[in-house]
Amino acid sequence: ADSSDAYPYQTGAQYLFYTSTAASKSVGAYDIQVADLVNSQTYNLNQYNALASTALDELGPDWSGNAPFPVTQVVTAPDLTPPPGTLLSQGKPATASSTYAGYSPSMANDGILTGTNCWCAASGTVSPAAYWQVDLGASHPLSGVILRFYPGAPDIWHYQVQVSSTGKTWTTVVDASANTQLFAAARHLLPAGTSGRYVKVTFTSVSGGSNWPGLIEAQAYGT
């Protein structure tokens, strides 16, 4: 592992913050980790805040006296339990409204959930609408979707999920265009009776953090 940027907490007698690629603790590349010098233990900050580390690099620890450590409040990570049925979308043909060089639509349903392996739109605008879609090959009963947004850090995302049997007429089954919640990934169970061959994720406005439309992975489940 590559560990560096050691930063002591208070006197440094017990806790030391540092960045590390240690595989046993890392969520992806460099993460900010904690060493308990008294008990000879190391921890990823995700143990105290489930959104602290992402698939990107977290670097340069520093300490604020306004944030006591260890914390007593546990932040719950998003529920990403697979919806009922099987994963139907992985490896299926994917297209998009536009593509930034090197970030093709197929990278959003290839099963790789870390780093910069993602689809990203060619620009940060959503006019015309920026979308990603997958062809499941045949019409299926659909139970739910899991979306992991790029760059993998919590943000306020505005989007819709639509399904179609023909690829021409679409039905909106998830409308998060007025979302005000902060998250890096989302799980949606679809209305009973939902079916379709095509699943589309449309970004309806730029994210709260002005991130470009992008998906590390989009997964559709059903039978």
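Coordinates for the structure precede this section.
Everything numeric here is computed off the predicted structure, so don't read it as measured data.

**Observations regarding the overall build of the protein**
Summing up its helical and strand segments, the protein has 0 helices and 13 strands in all. Counting from the amino terminus, helix and strand elements in the protein follow one another as β-β-β-β-β-β-β-β-β-β-β-β-β. The long-range share in the protein, meaning contacts at least 24 apart out of those at least 6 apart in sequence, stands at 66%. When the accessible area of the protein is evaluated, it comes to approximately 10,800 Å², of which 53% is carbon and sulfur surface.

**What to know about the nonpolar core**
Ranked by size, the top nonpolar core spans 30 residues in total, and within it W132, F149, Y159, V199 and L215 carry the most contacts. Elements with a contribution of two residues or more to this core: β8 (130–149), β9 (158–164), β10 (171–175), β12 (195–205) and β13 (214–222). If one sorts the elements of this core by residue count, β8 sits on top with 8 residues. Contact partners of L215, with chain neighbours within four places excluded, come to A108, C118, W119, W132, L147, R148, F149, Y150, V201 and F203. Within the second largest apolar cluster, 6 residues are counted, among which are Y9, Y15, F17 and V34.

**Section: the pairing of strand β1 (residues 3–8)**
Where β1 meets strand β2 (residues 15–20), 4 bridges bridge the pair, whose relative direction is antiparallel. For P8, the partnering residue across the bridge sits in β2 and is L16. Hairpin remark: β1 followed by β2, antiparallel, with 6 residues in the connecting loop; positive phi at Q10, about 55 degrees.

**Focus on the side chain of S143**
Note that S143 resides in strand β8. A polar side-chain atom of S143 sits 2.4 Å from the main-chain carbonyl oxygen of P84. In this view, S143 contacts P83, P84, H188, L189, L190, Y221 and G222; residues no more than four positions away in its chain are not counted.

**Observations concerning the environment of G91**
Positionally, G91 belongs in the loop between β5 (86–87) and β6 (94–96). Put simply, G91 and L136 are 45 residues apart on the chain and 9.3 Å apart in space, counted from C-alpha to C-alpha.

**With respect to unusual backbone geometry**
Backbone torsion omega between Y150 and P151 reads 20 degrees, so that peptide bond is classified as cis. As for its placement among the helices and strands, P151 is situated in the loop between β8 and β9. Here D5, not a glycine, exhibits a phi torsion of approximately 60 degrees, which is positive. Tracing the sequence through the fold places D5 in strand β1. Given the relative accessible area of 40%, D5 is considered partly exposed. With a phi angle near 55 degrees, S40 is a residue other than glycine that sits in the positive phi range. Mapped onto the fold, S40 is located in the loop between β3 (31–36) and β4 (41–44). For S40, a relative accessible area of 63% gives the class exposed.

**Some words on the environment of Y198**
Positionally, Y198 belongs in strand β12. Since its relative accessible area comes to 15%, Y198 is described here as buried. With 36 residues separating them along the chain, Y198 and Q162 place their C-alpha atoms 8.2 Å apart. Setting aside chain neighbours within four positions, we find Y198 in contact with Q133, V134, D135, Q162, V163, S164, S165, T166, G167 and W170.

**Describing the sheet that holds β1**
Strand order across the open sheet formed by 4 strands is β1-β2-β3-β4, with antiparallel pairing between neighbours. With one partner strand each, in any of the chains shown, β1 and β4 form the two edges of the open sheet. If you compare each strand with its neighbour and ignore which way they point, the axes differ by 30 degrees on average. Strand direction decides the pairing type here: β3 and β4, joined by 4 bridges, are antiparallel.

**Considering the pattern of salt bridges**
Opposite charge on two side chains permits pairing when their charged atoms draw close. On inspection of all chains with the given rule, the structure shows 2 salt bridges. Between D79 and R187 there is a salt bridge, with its nearest N and O atoms 3.6 Å apart. With D79 in the loop between β4 and β5 and R187 in strand β11 (residues 185–189), this pair connects stretches of sequence that are 108 residues apart. Between D135 and R197 there is a salt bridge whose closest N-O contact spans 2.7 Å.

Reading the values: the criteria
Residues numbered from 1 in each chain as written. Predicted model: local features only at pLDDT ≥ 70, side-chain atom pairs only at ≥ 80, totals over all residues. Heavy atoms only, no water. Helix = DSSP H or I, 4+ residues; strand = E, 2+ residues; numbered from the N terminus. Contact = heavy atoms within 4.5 Å. Areas by Shrake-Rupley, 256 points an atom, 1.4 Å probe, with all protein chains shown as cover. Core = buried A, V, L, I, M, F, W, Y, C linked by side-chain atoms within 4.5 Å. Buried < 20%, exposed > 50% of the residue type's maximum accessible area, 1.4 Å probe, protein only. Pairing = 2+ DSSP bridges. Polar contact = N/O pair within 3.5 Å; in protein donor to acceptor, adjacent residues only side chain to side chain. Axes fitted to C-alpha atoms, helices over the stretch in contact; angles between N-to-C directions. Salt bridge = Lys/Arg side-chain N within 4 Å of Asp/Glu carboxyl O.

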